[in-house]
Amino acid sequence: MIHIIDYGMGNLRSVAKGFERVGVETKICTTPAEIENVDRLVLPGVGAFRDAMQHLRELGFVETLLKHIEADRPMLGICLGLQLLFDRSYEDGNYEGLGVLPGEVVRFKKTKDLKIPHMGWNQLNGIQENNPLLKNIPAEAWFYFVHSYHVVPENKEVIAACTEHGENVVAMIHRGNLHAAQFHPEKSQEHGLQILKNFSEL
C-alpha cells in the first residue's frame, strides 16, 4: 500500500494511476492521522513552493511527515515534493522549506537560448551506483521534466542523478529510505513506471 499526501497541490490522480498500472494499491490521504506509521509515503507537488508549505502547515502534515522521514521509512518526493525537502526556496521571495536536507531551491540561470521552464524529456547523468529506485532502468532512459527551479544540496552525497539543461542540475536525491525526483515518473512512461514499482518494493 502506497499512501499519497493530498495537501491541495499534487498531481494525485496521475501518481495513483501510475502505481495502479504496476499493480500497487494506493490511498490518498487528506489528514495527518492517515499517514501515521504507514510503510511507504509519497509527497507529490505542482505549483508554488510558498503555497505548498503554507498548505502543509495549515493542514498539520509537517510534524507527521518529518517523523516518517526521521524513522527512515520509505518516502518518495515528486517534482515540488523534492524541492520542499530543502531548507529554503527563492521562488518569488525567500521561503523556508521542511529543512530535511540542507540546501536551497534556485531558479535556472537565464541565458539567451535557455528555455525556462525546463519542460519535456531529458536524460539522466551522474547516476548513483546501486540506487534501488533505478533498478532495471537503462542508462539511456528519458524522463519528463517540468520546472523553473532546481535544488542545490549542500551535501553532494545525496545527489542520486543529474540532468543537463543549460547547466548540470539535480534530478534525483537519495538518503537512506528517502528518495525524490525532480522529474515526473508517473508521466515518464515505462521507465517512470519502473521507478514507481521499485519504490513499492523497497
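As shown above, the structure is provided for reference.
Re the pairing of strand β12 (residues 168-175)
Next up, step 1: Counting buried residues along β12, six of its eight residues qualify, which places the element largely inside the surrounding structure.
Next up, step 2: As paired elements, strand β11 (residues 159-164) and β12 share five bridges and run antiparallel to each other. Looking across to β12, one finds that A161 is bridged to M172.
Next up, step 3: In this structure, the hairpin formed by β11 and β12 is closed by a connection of three residues, where G166 is found at a positive phi of approximately 80 degrees.
Next up, step 4: Alignment of β12 against strand β13 (residues 178-181), held across four bridges, turns out to be antiparallel. For R175, the partnering residue across the bridge sits in β13 and is L178.

Description of the sheet that holds β11
Next up, step 1: The nine strands lie next to each other as β2-β1-β3-β4-β13-β12-β11-β8-β9, forming an open sheet whose pairing is mixed. Only two strands of the sheet have a single partner each, and these edge strands are β2 (26-29) and β9 (142-147). Along the sheet, successive strands turn relative to each other by an average axial angle of 30 degrees, direction set aside.

Overview of helix α3 (residues 61-70)
Next up, step 1: Listed in full, the buried residues belonging to α3 are F61, T64, L65, H68 and I69. An end-on view of α3 places all buried positions within 140 degrees of arc, on one side of the element. Exposed side chains of α3 directed beyond 90 degrees from the buried face belong to E63 and E70.
Next up, step 2: Following α3 by one or two positions, D72 has its phi on the positive side, about 60 degrees.

Considering the pairing of strand β3 (residues 40-43)
Next up, step 1: Side chains R40 and V42 project from β3 onto one buried face, and the interleaved L41 and L43 project onto a second face that is buried too.
Next up, step 2: Examined bridge by bridge, strand β1 (residues 2-5) and β3 share three bridges and lie parallel to one another. Residue pairing for β3: I4 is matched across the bridge by V42.
Next up, step 3: As judged from the three bridges shared by β3 and strand β4 (residues 75-78), these two strands associate in the parallel manner.

Observations concerning the side chain of H68
Next up, step 1: Along the chain, the position of H68 falls in helix α3.
Next up, step 2: Not counting residues up to four positions away in its chain, the partners in contact with H68 are V38, D39, R40, L41, R73, P74 and M75.

Reading the values: the criteria
- Starting from 1, residues in each chain are numbered consecutively following that chain's sequence as written.
- Only residues with pLDDT of at least 70 get local features here, since the model is predicted, and only at 80 or more are side-chain atom pairs given and counted; chain-wide, interface and lining totals rely on the full set of residues.
- No hydrogens and no water enter the side-chain calculation; it runs on all heavy atoms of the structure.
- Any residue under 20% of the maximum accessible area for its type is buried, any over 50% is exposed, and the rest in between are partly exposed; the area is computed with a 1.4 Å probe on protein chains only.
- Comment: elements are numbered from the N terminus, with helices defined as DSSP H or I runs of at least four residues and strands as E runs of at least two.
- Whether two strands pair depends on DSSP finding at least two bridges between them.
- To obtain an axis, a line is fitted to C-alpha atoms, over the contacting stretch when the element is a helix, and the angle between two such axes runs from 0 to 180 degrees between their N-to-C directions.
- To be clear, the arc concerns the directions from the helix axis to the C-beta atoms.
- Residue contacts follow a heavy-atom distance rule, with two residues in contact if any of their heavy atoms lie within 4.5 Å.

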